Amino acid sequence: MDANDLQKWQREKAKELFEYSHKLLYAAKQLSEHHIAEMEWSMKNALDSAKSAAKHDMEKLKDLQAEAAKEATKRAASYQKKVKSVLKDISEGAADETEKHLEQVRSSLVNWLQDAENKMPAHADKLSKVVNEMSATGQNMFKEGRKIVNQVAEAAEKNIDDLVKKSSGGKK
């Protein structure tokens, strides 16, 4: 790799890191907005409860608490979905970038092997095929691993949703 190629590669990497830092910053902003909304709702609920308690209106306080518990369940489910969406976007972006880099490495390796084939003695083509197949297998394994991780995450989310439904159904 000559100096110009190295500089070009460094600029590309810097640009990718800069873009990824913006994605992370945006994700943090979204999560912060969700946190702020939850804090505002909690403060409003606490203020209403405190006003009712100060007036010794226990019946209204009891109703406020019951309503707050129902709303909190809904908000928790909504919050979970929002956070999951943000994290899923980040993880998919990271996996896509990793896959892209793996493809670049594989391509560079294949090009190097093709250059080396011309300079190597007989049977170099067999070595080239082995290395090429190994890199293709590695790439396929990465894709399958990514698929499995997504399936496990979806199954875990389904189990959590089922648990939440059962627990809210059992209280009614």
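Presented here is an overview of the structure given in this document. (Residues numbered from 1 in each chain as written. Predicted model: local features only at pLDDT ≥ 70, side-chain atom pairs only at ≥ 80, totals over all residues. Heavy atoms only, no water.)

On to the overall build of the protein, then. Of regular secondary structure, the protein possesses three helices and zero strands. Its helices and strands taken in sequence order, the protein reads α-α-α from the N to the C terminus. Taking all 172 residues of the protein together, the buried fraction comes to 14%. Restricting to contacts in the protein with at least 6 residues of sequence separation, those with at least 24 account for 69%. By element, 60% of the accessible surface of the protein is carried by carbon and sulfur atoms, the whole surface being about 13,500 Å². (Helix = DSSP H or I, 4+ residues; strand = E, 2+ residues; numbered from the N terminus. Buried < 20%, exposed > 50% of the residue type's maximum accessible area, 1.4 Å probe, protein only. Contact = heavy atoms within 4.5 Å. Areas by Shrake-Rupley, 256 points an atom, 1.4 Å probe, with all protein chains shown as cover.)

We now examine the pattern of salt bridges. Applying the stated criterion across every chain yields a total of six salt bridges. Between Arg75 and Glu71 there is a salt bridge; the shortest N-O distance is 3.8 Å. Residue Arg75 and its partner Glu71 are both found in helix H2 (residues 58-119); the two are separated by four residues, about one turn of the helix. A residue is classified by how much of its surface remains accessible, and Glu71, at 29% relative accessible area, is partly exposed. The salt bridge partner of Lys147 is Glu144, with a shortest N-O separation of 3.2 Å. Of this pair, Lys147 and Glu144 are both found in helix H3 (residues 124-171), three residues apart, which corresponds to roughly one turn of the helix. (Salt bridge = Lys/Arg side-chain N within 4 Å of Asp/Glu carboxyl O.)

A cluster of like negative charges, contributed by Asp57, Glu59, Asp63 and Glu67, occupies part of the molecular surface. Considering the arrangement of structural elements, one finds Asp63 in helix H2. (Patch = residues over 30% accessible without salt bridge, like charges linked within 9 Å, V, L, I, M, F, W, Y side chains within 5 Å. Lys, Arg positive; Asp, Glu negative; His and termini not counted. Charge placed at Lys NZ, Arg CZ, Asp CG, Glu CD.)

The subject of this paragraph is helix H1 (residues 3-54). With 52 residues, H1 should cover 76 Å at 1.5 Å per step; its first-to-last C-alpha distance of 74 Å lies within 8% of that length. His56 sits one or two positions beyond H1 and adopts a positive phi of about 60°. (Expected span 1.5 Å × (residues − 1).)

This part takes up the environment of Ala37. Here Ala37 shows up in helix H1. Separated by 42 residues in the primary sequence, Ala37 and Tyr79 place their C-alpha atoms 9.8 Å from one another.

Looking at the element boundaries, Glu16 is found in helix H1. For Glu16, the contacting residues outside a window of four places in its chain are Glu97, Lys100 and His101.

Relative to the helices and strands, Lys13 resides in helix H1. With residues up to four places along the chain from it excluded, the contact list for Lys13 reads His101 and Gln104.

What follows deals with the environment of Trp41. Following the sequence through the fold, Trp41 ends up in helix H1. Excluding its chain neighbours within four sequence positions, the residues that come into contact with Trp41 are Ala68, Glu71, Ala72 and Arg75.

In short, geometric facts, not functional conclusions.
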